[in-house]
Amino acid sequence: MFPSAQTFSVEDTDIQLWRIAPDEGPLNEYSFSFKAGELKFDVEVKGEVTPEFYHHEDRGSHIYEKCSRFVVNGRPAYGITEFHYRNMNGPSYTLPSCLPLLCEPRDLPSELDEALTLPFTEEACGSSPLVGGKGAQLGLLSSIQHKEDFVVTKGFSITLNAYRQQLQRESSIVTAITKIEESFRIGTIQDTQSRCSDTVEAIAGSTITDSVRAAILSSMEEVFGADFEHSCVAVRSSASGEDGTEASGAGQMETFLGVSGIDKVLESVSRCWASAYSFQAVQYRRQNGQPIRVLVGVVIQEMVKSEVSGVLFTNHPVTGSADHMVIDASYGLGEAVVSGKTTPDSITVIRDWTDKVTVQSKQIGAKKLRIMVKEGGGLEERSVSGEDMCCLSDSQIQQLCQIGIKLEKYFGSPRDIEWALAGDQFYLLQARPITTLEEVTDEDLIHEFDDPLITDQEWLTTGNISEMLPGATTPLTYSLFASAIDLSCLEVGVKLCGSARYHYPRKMLLSCCGHLFINLMPNESGSMNNIFGKKENMELTVVGETLADLTEDSVKSYHGPFTSRLKTIINTIKYLTSVTPATNMKCDDWAKKADSYEVIDQSSGCLQMYRDISQYLPDYTEVWKVGVLKSANSGAWAAAMFGVLLQGKTEYSNEMCSDVAVILSQCQDVYSADVPVAIQGLARSIVASGLEDKFLSGDDQVCVELLSDNSVPAVTDLYKDFMKRHGHRYIREAELMEKSWQTNPERLVQVLKKIIKMKAYQERQKTSFSIKDTIANLKTPLTNGEKRSLKFILPRARRAVGEREFGKSLCVKVADKFKQAYWRLSEKMEQEGRLPEKELLFFLTHREIGQLLETRSPKLLTKAKRRRKLLPKLMTLSFPKYSIGVPKPKEQESFEEQRKPTFTLTGMPICKGRVTGKARVVKTLEEANSIQRDDILIVSYTDVGWTPYFPLLGGLVTEMGGLVSHGAVVAREFQLPCVVNVPNATHLLQSGDDIILDGLAGKIEKLEGTSTD
Ligand SMILES: Nc1ncnc2c1ncn2[C@@H]1O[C@H](COP(=O)(O)OP(=O)(O)OP(=O)(O)O)[C@@H](O)[C@H]1O
Ligand SMILES: [Mg+2]
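What you see is a predicted model; the values in this text were computed from it and never measured.

The rules we used
Residues numbered from 1 in each chain as written. Chains lettered and ligands numbered in written order. Predicted model: local features only at pLDDT ≥ 70, side-chain atom pairs only at ≥ 80, totals over all residues. Heavy atoms only, no water. Helix = DSSP H or I, 4+ residues; strand = E, 2+ residues; numbered from the N terminus. Contact = heavy atoms within 4.5 Å. Areas by Shrake-Rupley, 256 points an atom, 1.4 Å probe, with all protein chains shown as cover. Lys, Arg positive; Asp, Glu negative; His and termini not counted. Charge placed at Lys NZ, Arg CZ, Asp CG, Glu CD. Donors = N, O, S within 2.8 Å, 3.2 Å for Na, K, Ca; no water. Tetrahedral: all angles 85-135°; square planar, octahedral: opposite > 155°, others 65-115°. Buried < 20%, exposed > 50% of the residue type's maximum accessible area, 1.4 Å probe, protein only. 1 Å grid on protein atoms, 1.4 Å probe; cavity = no way out; pocket = protein on both sides within 12 Å on 5 of 7 lines; lining within 4 Å. Points joined across faces, edges and corners; volume = space filled by probe spheres on them. Nonpolar A, V, L, I, M, F, W, Y, C, P; charged D, E, K, R; others polar. Pairing = 2+ DSSP bridges. Patch = residues over 30% accessible without salt bridge, like charges linked within 9 Å, V, L, I, M, F, W, Y side chains within 5 Å. Salt bridge = Lys/Arg side-chain N within 4 Å of Asp/Glu carboxyl O. UniProt positions renumbered as here; feature names shortened; annotations may be inferred. Polar contact = N/O pair within 3.5 Å; in protein donor to acceptor, adjacent residues only side chain to side chain.

Participant: How should I be thinking about the overall build of the chain in this particular structure?
Facilitator: For the chain, the helix and strand inventory stands at 31 helices and 31 strands. The principal-axis extents of the C-alpha atoms in the chain amount to approximately 115 × 85 × 55 Å. A separation threshold of at least 6 residues defines the contact pool for the chain, and within that pool the share at least 24 residues apart is 67%. With the model as given, the accessible surface of the chain reaches about 46,000 Å², and the carbon-plus-sulfur share is 51%. On the chain, the mean spot of the 112 positive side-chain charges and the mean spot of the 134 negative ones are 7 Å from each other.

Have a look at this one:
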């Protein structure tokens, strides 16, 4: 395992065990080399610190475990070495005997590809590429029956090649199949259904080609003798790709039992072939991302006159336990058991490690239905009265279990076996792998992407990051966004603080239960290790409050020695003179190319699209690096400003916050602040051009056309301009699954309609102050020196906020190109039958998408479906603002008691203004539609995606956020009275509450009245 957590297996080593571990015990000093991940490692192991050994007499082994020092390629390391010796003084131990693994034949002569039928007795019948899954299992089982205690009745397989020939001759079948595939792209589920039944009829109705028919007849004669007309056979489908370890495809296709007479046999063969295209079989393949075109083999096999039959799982089919085997058994043919038509006996058996089995429980089933073969062919179903005895004796159970254990060893994995008992003889009819093993639990999936914590002193915060990406992320977003931000933060750390320690594989951005957290510790050391630095200032910008419990000493003991003062100064100068200009240049570069940037060619196939996305992915990280560096810049200037205003104190006061609010209310060119202004402009132009009624009465789709079809050029120009500038944004915009306004313009239309309907489009006037006036009006009493510092810092801090907002918009714009590319890829994959639903793509990591394209693994799809099901649950989790060690979700608290008739909440003042109005608590986006004009919106957080709603509002209260969070910056620019960082506001207040919001004092007062609308 490398520090990056990538794992490679050892490819080669020169280690000589007999030299370093002689009989008398392992050496204390030795060296060796190995290769892994195409790198060579030279390892010296030097004298152990504490030699210890354990003596496991009963298992006959003798273990030396040593704590050792290593030098790996010149670098020191510590670790444990472990040597196992046979304990010669222990009890004698005999190795368990092994059975030869039963493998499918390989390197068969190529002429066998042309074979039309293959009897079980031929080696080639064990090859699933020739005869399909079931045929191959029966071939393999036949080959060992003479050595074991079971029988496989005689029979043969009709090959996949025979089916291919049949299809080639009947072009109508090929057309019918093509039409099924077409229906996935441009049809409804009913279309698929009717095209499937057309295909089934086309295949079942076509006459079998002469050559295939002749081959079947000759095999019938060869296997069943001259009187084959009167033999009673089973005709069973054997699909290619079936019975794999990932998806069984169990019971999807037809089986005909008790078939007699050649005409009936041939008809059954056609029906088996046809059943591959039944609606249920097609849907099953589609749900599992398998190709729709499959080839089907057919098995023709003598019927067993079974008195009792059923299934045996050599591991527990539900729990996967290897200590348990489960048998389901009933009278008559096994069809009654596998089809679920009767309640069989269910026997659970415990198996110990010496393969001794004992019955643990027998659940006696009613076994009311028996299916038997009629004299002269055909089946009959007989109802019998309930039976309270087990249909297998204890010795038969023992015998069957031992057969199962043998088969598990032959195949090398647990099996799901179909068996029949006639007289005293067990017959085997199938032995497929159990596909439901190794299933992960929901708990595993919830923590699947959790990052490990390196020490128990990691302080994790939801601050800042939860504004960018509140709630849980999809796996795709985790795999892209989290790592891009993590790398970007690391880069800031290295560039600003220049310490090699930042290269240490410590994650800056961690995940837990799908939520993202910033690791404060490296940030703390970073903030104290540069010349701007003061830890409180960083805490204010990142967490939104100062952390008195986290002392400077604990940061120092966590981090180790800091860089020297001189080095810090040099780092800062370098940062300002080279890193910042380089970032600015990169930002300009991206600003120029972002509009025309394309990740994929829309017309490519899936694989090409995936390759293109992979190739461009470094850009995704690069552009976020620019955004994060810009944001760090603004953070540094904001921290410097806090530094002056805090005047050496460690806790911020309300005066200080409102001073910051005043200072930052005059930022320059805040790109995102244009969003609510531009949407108002668009609303005004719709009203002015007389489109209002049409717009308000039209459905969302029609309105989008109205906006974009140039019927009123002034409106279309404004709309296009809005889309060009802000179309890439939306709520939770860092989440790749969330479509932007551009991709889903109906979402924007809904807000626009509200603004027009409520006439909330009057332009707001903004007053501006000079820097001198601003400083003169601050509440914090400042010395002349402090005023001079502020005069220097203030314009820079304001500009940095503007630049940060621009940088963020740019990142989201480029990220939106990736979003669009993934959505396009998902569409294509759905059309090609590789994904049952587009949305599932977002529940795979980028790497897993690649694996799915390569393997069509049904297991991955199942996982994606389960992850999707869990996301709503993860979304409801909320975490404390900061935690030490692994974050734990907050318990659902009840706020009933705290909700007195009147109360006051406090938070951080963001934008002045005192307003009285109705509270509107919005917890999900869907609820945003209930917003009424002049409501005071109470939400958990706001990002730029929320800002189109701002024109409707009288005020804004958020639970999260800090002085310079994105929502706060826009509110200030828009002069919307606003208080952030009000804990539990969405729980304590309810929609309809009469409240007073004081933006300058940072207070929300709940009045007596509450009305529901
Ligand atoms: N030669 C046979 N003699 C007696 N019974 C048979 C024979 N072949 C099949 N059966 C019975 O019919 C049942 C169903 O057959 P088969 O295995 O072909 O189809 P399935 O189990 O419904 O689907 P799948 O294709 O997934 O196995 C078997 O479990 C077995 O009990
Ligand atoms: Mg079966």
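Participant: How do you make sense of the coordination of the magnesium ion (ligand 2) when you look at a structure like this?
Facilitator: When a metal holds four donors in a tetrahedron, each ideal angle between them is 109.5 degrees; when it holds six in an octahedron, the ideal angles are 90 or 180 degrees. Of the protein atoms, only E418 (OE), E418 (OE) and Q430 (OE1) coordinate the magnesium ion (ligand 2), at distances of 2.2 to 2.5 Å. Around the magnesium ion (ligand 2) sit 6 donor atoms, and with donor-metal-donor angles ranging over 55 to 169 degrees the site reads as irregular. Note that E418 is positioned in strand 18 (residues 415-422) and Q430 in strand 19 (residues 425-433), a separation of 12 residues in sequence. With relative accessibility at 16%, the residue E418 sits in the buried group.

Participant: Any chance you could explain empty space enclosed by the protein here in plain terms?
Facilitator: Think of a ball as big as a water molecule: rolled over the atoms, this probe shows where empty space is left. Throughout the structure, instances matching the rule amount to 5 cavities of 30 Å³ or more. The space that makes up the largest cavity amounts to roughly 150 Å³. In terms of lining residues, the largest cavity is bounded by 16 residues, among which L445, F449, T473, P475 and L874 are the most central. Of all elements in the fold, only helix 12 (442-446), helix 14 (475-497) and helix 29 (858-876) reach the threshold of two or more residues within the lining of the largest cavity. Considering only residue class, the lining of the largest cavity consists of 10 nonpolar, 4 polar and 2 charged.

Participant: I would appreciate a short explanation of the pairing of strand 19 in the present structure.
Facilitator: Regular strands place side chains that alternate from one sheet face to the opposite one. In terms of burial, strand 19 is a largely internal element, 8 of the 9 residues being buried. Relative to strand 19, strand 18 runs antiparallel, the two sharing 8 bridges. Residue W419 lies in a different strand from strand 19, and its bridge partner there is L428. Between strand 18 and strand 19, which follow one another and run antiparallel, lie 2 residues, and G423 among them has a positive phi close to 60 degrees.

Participant: When you look at a nonpolar patch on the surface in this model, what are you seeing that I'm missing?
Facilitator: Together, I531, I569 and I573 give the surface a local cluster of nonpolar side chains, amounting to about 240 Å² of exposed area. Given a relative accessible area of 37%, I531 falls into the partly exposed group.

Participant: Would you mind showing me how to read the environment of L130 here?
Facilitator: For L130, the position within the fold is in helix 2 (residues 128-131). For the pair formed by L130 and I756, sequence separation is 626 residues and the distance between their alpha carbons is 68 Å. Apart from the residues lying within four places of it in its own chain, the contact partners of L130 are L108, L112, D113, L118, A124, T159 and L160.

Participant: How do you make sense of the environment of K819 when you look at a structure like this?
Facilitator: Examined against the element boundaries, K819 turns out to sit in helix 27 (residues 784-831). Here K819 falls in the buried class, since its relative accessible area comes to 2%. It is 5.3 Å that separates the C-alpha atoms of K819 and L736, two residues lying 83 residues apart in sequence. Contact partners of K819, with chain neighbours within four places excluded, come to E733, E735, L736 and E738.

Participant: When you look at the UniProt feature "domain: PEP-utilising enzyme mobile" (unreviewed entry) in the chain in this model, what are you seeing that I'm missing?
Facilitator: In this structure's numbering, the residues bearing the UniProt feature "domain: PEP-utilising enzyme mobile" (unreviewed entry) are residues 932-1002. Overall, residues 932-1002 shows 17% helix and 28% strand. The separation of its end C-alpha atoms is 23 Å.

Participant: Mind showing me how you'd approach the side chain of D355 here?
Facilitator: Looking at where D355 falls in the secondary structure, it is placed in the loop between strand 14 (345-351) and strand 15 (357-363). Residue D355 is classed as buried on the basis of its relative accessible area, which comes to 16%. At 2.5 Å, the side chain of D355 forms a polar contact with the side chain of K409. Aside from chain neighbours lying at most four places away, what touches D355 is Q402, I405 and K409.

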